[in-house]
Amino acid sequence: QVQLVESGGGLVPPGGSLRLPCAASTNYFSLYTMAWYRQAPGKQRELVATISSSGNTNYADSVKGRFTISRDNAKKTVLLQMDSLKPEDTAVYYCNLVDDFGIDYWGKGTQVTVSS
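Computed from a predicted structure; not experimentally measured.

Draft legend 1. Quick look at the pairing of strand β8 (residues 77-82). Across the six residues of β8, five count as buried, placing the element largely inside the fold. Bridge count for strand β3 (residues 18-24) against β8 is six bridges, and the pairing is antiparallel. Bridge pairing in β8 places Pro-21 opposite Leu-79. Bridging between strand β7 (residues 67-72) and β8 involves six bridges; their strand directions are antiparallel. Bridging across to β8, Asp-72 finds its partner in Thr-77. From the end of β7 to the start of β8, which pair antiparallel, there are four residues, and Lys-76 there has a positive phi angle of about 55 degrees.

Have a look at this one:
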């Protein structure tokens, strides 16, 4: 059983920045692709960014050039650095891991609100 714990959310004005860490409990963290998703009110959950075990990254078009995903395998943590935030980035942000058996693990999420 893997536990994922997100933190770092909050209220930030447009153009501001936030950094979201996600701590994982698995000792096999370095082997897994990690992902960040988000879900805005009334909308479906959407993929924001992924980072593979080798460090390859992918981003949704809506966040390219503004968000950066990274990982610290020693700390079993994946980070989402969010810059130039826009009101449309307001959502609950979730950390995700899929293990070797195809089982999805999710954190409880952290709220990000971009508003003046």
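Back to the write-up after that little detour.
Draft legend 2. The arrangement of the state of the cysteines in detail. For the structure on display, the rule yields one disulfide. Shown here is the disulfide that connects Cys-22 with Cys-95, its sulfur atoms set 2.1 Å apart. Across the S-S bond of Cys-22 and Cys-95 the torsion is about -90 degrees, and the bridge reads as left-handed. Highlighted residues: Cys-22 in strand β3 and Cys-95 in strand β9 (residues 91-98), separated in sequence by 73 residues. Grouping residues by exposure puts Cys-22 and Cys-95 together as buried.

What counts, and at which threshold
- Residues numbered from 1 in each chain as written.
- Predicted model: local features only at pLDDT ≥ 70, side-chain atom pairs only at ≥ 80, totals over all residues.
- Heavy atoms only, no water.
- Buried < 20%, exposed > 50% of the residue type's maximum accessible area, 1.4 Å probe, protein only.
- Helix = DSSP H or I, 4+ residues; strand = E, 2+ residues; numbered from the N terminus.
- Pairing = 2+ DSSP bridges.
- Disulfide = S-S within 2.5 Å.

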